[in-house]
Amino acid sequence: MLCLVVHGPGAPAPAGPEEEPPLSSPRPLGAYGAAASSQPPARRRAGLAAEDAARRLLLSAAAAVAAPPAPGRGELGPAAAAARERPARSLLWARAGPVRPPAPPAASRLFRAPPAEPPAPPEMVCKRKGAGVPACTPCKQPRCGGGACGGGGGGGGPAGGGPEQHPPPPLRAPRSPAAPGGAPAEAGGDAVRAGGAAPSVARQQQHECGDADCPEGPDPPCDCHREPPPDAPDINQLPPSILLKIFSNLSLDERCLSASLVCKYWRDLCLDFQFWKQLDLSSRQQVTDELLEKIASRSQNIIEINISDCRSMSDTGVCVLAFKCPGLLRYTAYRCKQLSDTSIIAVASHCPLLQKVHVGNQDKLTDEGLKQLGSKCRELKDIHFGQCYKISDEGMIVIAKGCLKLQRIYMQENKLVTDQSVKAFAEHCPELQCVGFMGCSVTSKGVIHLTKLRNLSSLDLRHITELDNETVMEIVKRCKNLSSLNLCLNWIINDRCVEVIAKEGQNLKELYLVSCKITDYALIAIGRYSMTIETVDVGWCKEITDQGATLIAQSSKSLRYLGLMRCDKVNEVTVEQLVQQYPHITFSTVLQDCKRTLERAYQLGWTPGVSAASS
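Just so it is clear, the structure is predicted and the values come from calculations on it, not from any experiment.

About the thresholds
Residues numbered from 1 in each chain as written. Predicted model: local features only at pLDDT ≥ 70, side-chain atom pairs only at ≥ 80, totals over all residues. Heavy atoms only, no water. Helix = DSSP H or I, 4+ residues; strand = E, 2+ residues; numbered from the N terminus. Buried < 20%, exposed > 50% of the residue type's maximum accessible area, 1.4 Å probe, protein only. Contact = heavy atoms within 4.5 Å. Axes fitted to C-alpha atoms, helices over the stretch in contact; angles between N-to-C directions. Parallel < 35°, antiparallel > 145°, perpendicular 65-115°, else oblique. Nonpolar A, V, L, I, M, F, W, Y, C, P; charged D, E, K, R; others polar. Core = buried A, V, L, I, M, F, W, Y, C linked by side-chain atoms within 4.5 Å. Salt bridge = Lys/Arg side-chain N within 4 Å of Asp/Glu carboxyl O.

Some details on the overall build of the protein
Each helix and strand counted, the protein has 21 helices and 13 strands in total. Within the protein, the fraction of its 615 residues that count as buried is 38%. In the protein, the share of contacts with a sequence separation of at least 24, taken over all contacts with a separation of at least 6, comes to 74%.

In structure tokens, the structure reads:
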């Protein structure tokens, strides 16, 4: 039988003859010591030897880290030193546990002192500014060298207890001491993989430190990964088709003198061919033959051009334009007195698809130019030769016979144009809709031929000296589509004629009777019989009084405009009352027109007493 001697709690147990003295100061045996005391001596010695070998390995790794660089060797860079330092620190921080044998029986624990609590491992305190802020990719160089962030890894006691540790100086590459049994010191790396975190994981933990006790607050994240501010809206981001639609609302001056100077992109858009299809160059004295040639060379698809009041060009520029733009459809050149038949002949010869020719007030234009138009421009629909005093029936008849698709014709003060021209147009141009022979040498004998025009909608017979009432009434009766009739400056037109017009004009909307020989009865008849007339102008009719103005306003359901300019027998007080009673009707007198002009000026921001020069 084995006898056991139990010692007091304060006396250590005597070491047996087969036990080796400890390598360091005595420490509590702990659970392993209590379990190993009841095992056979050989097995117990093997466990103690393994534990001591692990401790020696840890001490040697720590000594290699703390040792200064050997003379004659260069120091390593920060990244390499941190890489070499990382496994050693991991060894120090990791709780390296020896290979533990199987647990001894529970009865043997009664003969050992109670185990002391093992020391708590030091807590890792983040010393880096911005702890808790997500890591960012460095812009130029890493913010953390190797695996340590700012404060250098671990160190220190528990949070708030130990002093702050600074990063160690650069280290040389240490020689790895050989472990017992010839194993190199890379076993420390196995220890890191076994009990500690890998360097990349440790670095990620240091970057993502979210400890509330971290002594330093977070700093703003790196600017390299900050979300860029949203770009301001840019008009150039719109599709070109949208920009072209926007630029189409600009005038030629705004496109050429403003928008095209913004940038090259806008200049190219402003030079787009669609903007040069329709050119309005009117009243620009800088338009010369050279400019017309450049425009025609760049944009040969011009379909409409207006060169009215351009006095710096000549027939040469127009000829070049016509030659290079055969698709021209509409040609306008009012008051270009320097142009002659040469220009109109060039346009007629090179532009067979021409549909509109407005060349009023050209003194040099003769019948020769009109003959070329009539013989070569079969698609002509709209002509205007007002105040071309050298034009006669000869040229007009050629146009009437050659241009069967004519819809609009306007003549003004052409004294050489007579009833023959009116008859020719009425017979050969059945599609005529708008006809005007103001001040021409036309009589009722010629005007009566206009009754053949079933599509006639607008008729201008101003200042026809030999026009009688019967002719006018016959035209109104037969031309059922007539919507506008201008009889101004015809002193022979009387109340009876106006009454017939009001009764027979089923689609008539505009009636102009300025300076005609009418009275209040004409206004009363219009208000009583007409259900379509909206505009009536009886200015300068001296026999119109307050009664006629009041009765037409009361009886007419369609009236919207009543012209009473210089009707001396109409009182302004009466007109003011009518304005108040019938706000849907516009009354035109000198005083009322002045009031409307003043109101319009106020709406535009005009202030009394402030001149344009001072503003």
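So, the environment of isoleucine 501
As for its placement among the helices and strands, isoleucine 501 is situated in helix α17 (residues 495-504). Classification of isoleucine 501 by relative accessible area gives buried; the value is 0%. Distance in space between the C-alpha atoms of isoleucine 501 and tyrosine 529 is 9.4 Å, their sequence separation being 28 residues. Aside from chain neighbours lying at most four places away, what touches isoleucine 501 is Val472, Val476, Leu485, Leu487, Leu508 and Leu511.

Side note on the packing of helix α12 (residues 367-376) against helix α13 (residues 393-402)
Axis separation between α12 and α13 bottoms out at 8 Å; the angle between their running directions is 5 degrees. In terms of orientation, α12 and α13 fall into the roughly parallel class. Listed contacts from α13 to Asp367, Leu370, Lys371 and Gly374 of α12 are Glu394, Gly395, Met396, Val398, Ile399 and Gly402. Split by residue class, the contact of α12 with α13 holds four nonpolar, three polar and three charged.

Comments concerning the packing of helix α16 (residues 469-478) against α17
When two helices pack together, their arrangement is given by the angle between their axes and by how far apart the axes lie. In contact at an axis separation of 9 Å, α16 and α17 are set at 5 degrees when each is read in the N-to-C sense. Classified by the angle their axes make, α16 and α17 are roughly parallel. Contacts between α16 and α17 pair Asn469, Val472, Met473, Val476 and Lys477 from the former with Arg496, Cys497, Val500, Ile501 and Glu504 from the latter. Within the contact of α16 with α17, the residues separate by chemical class into six nonpolar, one polar and three charged.

A look at the nonpolar core
Core analysis: the biggest nonpolar cluster contains 113 residues, and Ile305, Tyr331, Phe385, Phe425, Phe437, Leu485 and Leu564 have the highest contact counts within it. No other element matches the five residues that α17 contributes to this core. Once you skip the residues sitting within four places of it in the chain, phenylalanine 437 turns out to touch Ile409, Met411, Val417, Val422, Phe425, Val442, Asp460, Arg462 and Ile464.

Here we look at the pattern of salt bridges
Side chains that differ in sign of charge can pair as their charged atoms come close. Counted according to the given criterion, the structure contains 19 salt bridges. Between arginine 311 and aspartate 309 there is a salt bridge; the shortest N-O distance is 3.8 Å. Assessed through its relative accessible area of 16%, aspartate 309 is described here as buried. Across the pair aspartate 460 and arginine 462 runs a salt bridge whose closest N-O atoms are separated by 2.8 Å. Given a relative accessible area of 11%, aspartate 460 falls into the buried group. On the accessibility criterion, arginine 462 (22% relative accessible area) is partly exposed.

Interpretation note: all reported values are geometric properties and have no functional meaning in isolation.
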